[in-house]
Structure formats: C-alpha cells, structure tokens
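# Coordinate inspection notes
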Amino acid sequence: MDKKVKTEDDGLYHLNHKLSKLNNGESSVNGSRTVKSSRKSSIAKNESDQEDSKPLVKRSQTKSSSTVSSKRKRPETVSIKGEEEEATKEEEEFYKWWEAEQNDGSVKWTTLEHNGVLFPPPYEPLPKYVKLKYDGRPIDLPPEAEEIVGFFAAMLETDHARNPTFRKNFFIDFKDILKKCKAEVSGLFLYISLNLLNHHLGIKDLEKCDFTDMFNYFEQKRQEKKNLPAAEKKRLKEEKEKLEEKYKTCFLDGRKELVGNFRIEPPGLFRGRGAHPKTGKLKTRVMPEQVTINIGKGAKVPDPPPGHKWAEVRHDNTVSWLATWKENINGATKHVFLSASSSLKGMSDYKKFSKARELQNHIVRIRNDYTREMKDELMANRQRATAMYLIDVLALRAGGEKGEDEADTVGCCSLRYEHVTLKPPNIVIFDFLGKDSIRFHQEVKVDTQVYKNLKLFKKEPKKEGDQIFDRLDPPTLNRHLQNYMPGLTAKVFRTYNASKTMQDQLDKIENKGTVNEKHVAYNAANRAVAILCNHQRTVSKAHEQSVGKIEDKILEIKWQKYRLKLMIGQLEPSRKKKNPDYFKPDDELTDEAIERIRDVVIEREKEKAKKKFQRDNEKRIADKEKPLPESELKEKLRLIDGLEKEYKKEMKTHKPEVKPGMTIEKLEAQIEKLDERIINTELQKKDKEDNSTVALTTSKINYIDPRLTVMFSKKFGVPIEKLFSKTLREKFKWAIESADENWRF
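What counts, and where the lines are drawn
Residues numbered from 1 in each chain as written. Predicted model: local features only at pLDDT ≥ 70, side-chain atom pairs only at ≥ 80, totals over all residues. Heavy atoms only, no water. Pairing = 2+ DSSP bridges. Helix = DSSP H or I, 4+ residues; strand = E, 2+ residues; numbered from the N terminus. Axes fitted to C-alpha atoms, helices over the stretch in contact; angles between N-to-C directions. Parallel < 35°, antiparallel > 145°, perpendicular 65-115°, else oblique. Left-handed = near helix turned anticlockwise from the far one by under 90°. Nonpolar A, V, L, I, M, F, W, Y, C, P; charged D, E, K, R; others polar. 1 Å grid on protein atoms, 1.4 Å probe; cavity = no way out; pocket = protein on both sides within 12 Å on 5 of 7 lines; lining within 4 Å. Points joined across faces, edges and corners; volume = space filled by probe spheres on them.

### Points about the sheet that holds strand S9 (residues 249–252)
Taking strand neighbours across the sheet as the criterion, the 3 strands line up as S5-S9-S10 in an open arrangement whose pairing is antiparallel. Single-partner strands in this sheet number two, and they are strand S5 (112–113) and strand S10 (255–258). Here S9 pairs with S10 via 4 bridges, running antiparallel. Among the inter-strand pairings, Cys250 is bridged to a residue of S10, identified as Glu257.

### Topic: the packing of helix H17 (residues 543–571) against helix H21 (residues 664–690)
Viewed as axis vectors pointing N to C, H17 and H21 meet at an angle of 165°, and their least axial separation amounts to 9 Å. Viewed along their axes, H17 and H21 adopt a mutual orientation that is roughly antiparallel. For the pair H17 and H21, the sense of crossing is left-handed. For the contact of H17 with H21, the class distribution of residues is 13 nonpolar, 6 polar and 12 charged.

### Concerning empty space enclosed by the protein
A full pass over the atoms with the stated rule returns 1 cavity of 30 Å³ or more. What the largest cavity holds in volume is close to 60 Å³. Residues that form the lining of the largest cavity fall into these classes: 3 nonpolar, no polar and 5 charged.

### A short note on the sheet that holds strand S7 (residues 137–139)
Backbone hydrogen bonds are what pair the strands of a sheet, in a parallel or an antiparallel way. Pairing is antiparallel across the open sheet formed by 3 strands, whose spatial order is S7-S6-S8. Lying at the two open borders of the sheet, with one neighbouring strand each, are S7 and strand S8 (209–210). As judged from the 2 bridges shared by strand S6 (residues 132–134) and S8, these two strands associate in the antiparallel manner. For Tyr134, the partnering residue across the bridge sits in S8 and is Cys209.

What follows is the structure, given as structure tokens:
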C-alpha cells in the first residue's frame, strides 16, 4: 500500500491535476512562458507548519523574585524585504508577569506612555440627489439630521427597524435634532435657513417618511465596496492600518503592550440587548472635550484633534485605563484598557480565578452556615441564607436595583413576587429576565427549607411587584461574605461553581478515541457549564442552512466513497459476487441526491476556477504585468465540463473511469480516509446541533479557569488550537505556560 494516499474523489483529483498545470504557468502569454512565483505561499506554509508543531511550554520549575522575561524565537524563513523589521518586532521581549514577584494591586504601573484615542471621521453629507421623502416630498435636511436619518435608513430591512420601541425612540430623537438645528440657526439670525427648517417641524408621522432612496444608496455603496479589486482592498486596508498603527500599542513600565479598544465608538442608533427600553435612541458623537486621558507624569500628553482639547489629563497609577468618557444613552462610563493579552488584563484574570479556587477552602463552612441560618428567627438572616443557597446551587447572579429607563433585568436579590412560582412539595419555577435580557426559566427541586422560606417570603400582604428578598441587597450580602474570605463576593461563587462543574465533567471523560471525539466530549463538558450559568442564545437564522451544508458535505463524501467501491468492482469483478452488499450505495444516495451533489460539485469547481482567474489577473495588473487571456479560463471551464459529462455517463453505466496505475490497495486506502472524514463531519454536525441554543464561549472566557482547558489539552492530546482561538491563546498565555496535564482546580 502506498504511503501517500489521495483522499479526494478520483475524478476531481485528475481534474485538479490538469488545472494545476494551467495555474502553474503551463500556458503562454504573447508567446512567453508564464511562471507563477510560489515563494509567498511557501513561506506562509513554512511559518504555519512551524507554528502547528510548537510544543506547549512545560510549567516553569523555578520562580524569580525579579522581573522575568524571555525572547520569542522566530522560525527560520526565506529572507524577503520587509521581513527583517517584522522579525525585530517578533523578537521583542515578552514579559512573563506570572513568574515575577506580585505586588498588592494598589499600584498598576510606574510609567505609562500612549498616543490617546482614535476618533471616527466626521460625517460626510450625502449627494444632493439622495434625500429623505416625507409624504412623497423630498426633504432638504441639515447634516446633523441627515446623519441620524441615514443610521435608520441603513437598517431599514433589519428586525430593529421593525421594532416599535426602536422606531419610536429614533423618531423622537430625530425630531429633537430638527428642533435643535432650528434653535441654532435662529440664534445666528439666518432667516433664510430658518424658513427652510420651518417645514421640518411639520414632520410628525414616521409612517410618512420614505427612506428608500437612502437605503438604496447605502446598498449600492456596500456592493461597490464588496466588488473592489483585491489590490484596492489591500491598499485601503494598508491605509487604515497606517492610520491606526500609533494607537495600537503603549509603553507600560518601559514594556511595549497592546492597547485594546483604542477607537472611540462612532455615533449611531443604540440597539441594546433584549427588550431594552432605549433601543433606537441616538448615540451621539463623542467629542475630545468629553474624554479624560490617563498617562504617566512626564510623558508627552497626546494631542487632541485640531481645534479641540481634552476634558482632563490625569496621572493616576492606581487604575489601568488609558482614557475614559461617558456615553449619553445610559450614562455609562466607557474606558480604553490594554488588550486582553496584556500583562494587566492577564493579572486580573489570574487573580479572579485564583480567588474562585481559594473558595474551595471555605465552601463547606459557608454551606453549613447558610443551611443553619435558613431556620434563623431573624428574617434578614433567613433571607440572606436562602439567597446564598440560590446563588450557590443555581448559579444565580446577585442582581441589583434598576432605573425606570433600564431593561427590567433582575438577579437573586431583586427577584419579585411574580418571578417565583411554588409547586408542592418542593418545586420552584423561576421565570425572569437575567443579564442582557436573557430569560431564566427553570423548574427546579430545592431543599425543603428553601421551599418553606420562599413560601414565607411571598406571604400576604405581598403581591406582584414586591421584592421577595425585601431585607437584602447585594452590598449587604457581599459585606457578609467578606467575613469568610477577603475579596469574596457573590460573583466568586459563580466562577467557582462553573470551574468546579467543568473539572467534574472533564473527570468523567475517558482518554480514548480520536482527537475530534475528545473535542466533542470537551464541548459537552463546556455545555454543562453554560447551562448552569444560563448562557443561552437564540438559534441563528443561518443555523439551519449551516447544518444543511454539513449534511450535503457528508452526502458528497459518501458519494465519493461509493464511486471508489464501484472502481474496486471493475478491477476485481469477483468481489461483487462474493459481497454484493458492499457495493450498494447508502440509502441516502438516491439518483436525485447524486444528481444534486454532482451539480453542486461542478458548480463549485467552476466558481473556484473563475475566482482564481480573477485573483490572478488582479495581481498581475497590480504588478503591471499583462493579464491572462480569457482563453485560459475557457480551457479550465472546458475541463470541468468534461468532468461533468463523465459523471453523467457514470449515472447510466455505474462504471466510473479507473485511471491508469490505480490499484485495489490505493482505492481501499482512500475509502478508509473517507470513512474517517464521514465520522468527523458527523461529529461536527452533532456538536453544532447540540450547541445551537447554548453559548459556550461566554463561560469559556469568563467563568471556566483556563488552566482546566490547558490540562485537558495536554492530558488528552488535543491541540490547544482546537480549544482556544488565537485570541484566547494570547489572552490565556499565562495558563498555557503554567498548567500541566495534572493540574486540578
């Protein structure tokens, strides 16, 4: 049996071989042979291969009391102009803060230098022919009003624009902007403009507003941007990166660190999560006069945009933010922090998970105490003990008071009469909106005393709208928890129980099977945590289509496998008589299904050929070379048409063409590979369906100690790349380098 096995469909393999000859330059342009350079792709592959083969660094055996740093080794690659600068960047020292002496957390930095924040570009008015129409009449709008109308027009065909609350809030703010424009014009005594604006105040009905022209204009611009040549897209990307470059990094205690969200959010219409009462309101443009800069003493203060000044410049080394401002919708304070992979963010994560891990030393005593206090004569103590039970056992958030103009979301301490229904003897039905307006609806069996207490807390004269825990709030609860452990809050219980559940689930997994099977088992453990934390999501509109594509992929592989079996039957006819069932197609492979899959394959190959031809020509034009002739593409499409005829002939004869040199051993090896692909693709489909209503990422990022994932990766031989995205690998580098296969939460 050959060591090198082709896993593609045999016909496609030979088609690709023919196409590769054309792609590799075996055609002529003006009589000269075209040679396509593969240096760039080989370098990318070289770097990718080396990255994939890097072993995870084992736990450091010693810790230094001083700052520890290590240099990244850059893989050897072919020297190309510009790569030396990149190599210098790669070789900059990486600060292993987890191996350094830890401070008490009161001082975050000694020196801090950065370049401030990047503001969105100013509004560009629409062309004069693109207007809002009101009651069939085009309206000339001042730029401020035109901008907010544009925000709505761009969303015209979304669910937001059909949401009554969104529409109402948008229209109120739109009319307010018109009034403001009139007041400003009036103050300047511009009577002509004032007369022009007078009719804007007649806009009183959103239903009479026609946004069609504006919507069509935005759609046209979106399509034009999408259809830009690759070279132009690359140029625009490079311009954007050049503009952003100086904001991306800062110097913290002399070390270069990445900055996170350095862009000031542009104006737009607020969407909010869930049924937010302020959805559709205008997020106003943030001006430099609203932004406070935090920077080290003696460092150069970044310049504000011309004609503006900062609200304030601070030198506060007890905070980790670089800039801050307040947004206008909810009055929330926004900050610019270092990136998720920075040392400060890493330290914060490390302390959070270590605090949760420390809780296991106190959890038995805490549970004994709240179990005893659930019968306490003092109502406040009884309520506190019952709330602690719900926070511990059901992983409820503590909750807090909400303003009238905020979404009606609640937690444990803010549960109301109508959120809790009791079913004897000890069943409790919880139904309320949690964080981000995610519904928490569960029917759970609780401790008998908890049931009795909830019944007592709902006793008359309490009614709908009244608090269940009317003698408890989160600050009071957290002050009580401090008596058990410094820094203990209700939130720590959630992190502790999530990580403990993950540890328990991983302990149940047997270390056997393929990497993909182990990955699915890991996701099942992750799913148990997500369910505990009520991390739900609605099934996306694309879910059904996505699953359908996976099913088609499985069907295509089964068809390829069936064709290979038919080839074996031709090479060794006696096997057909001995084992006829082996040569029968799977039940799903009806003639109609095969025709559909065949058409999909052919269409895909044609599309690939066209796109590659277009990309190659765009590159040649960018390099000032003569583009390939259309005859080149036609030749590729002709080969694909030949393959289509081959497939159609097979449908009648059930005898696919056996290529010269093909043997039984080679065909069986290909079938074995296809069987593996079928298993893996079916696992992928199951995983996707199982997780369609559960958000795994939230718990993986925020609640499960990342060292558990690293332990699983090392112990079960599953590449960390399958479990953590590139972003998470950078964020949790401290966990990857500090945990081994025996680590336990």
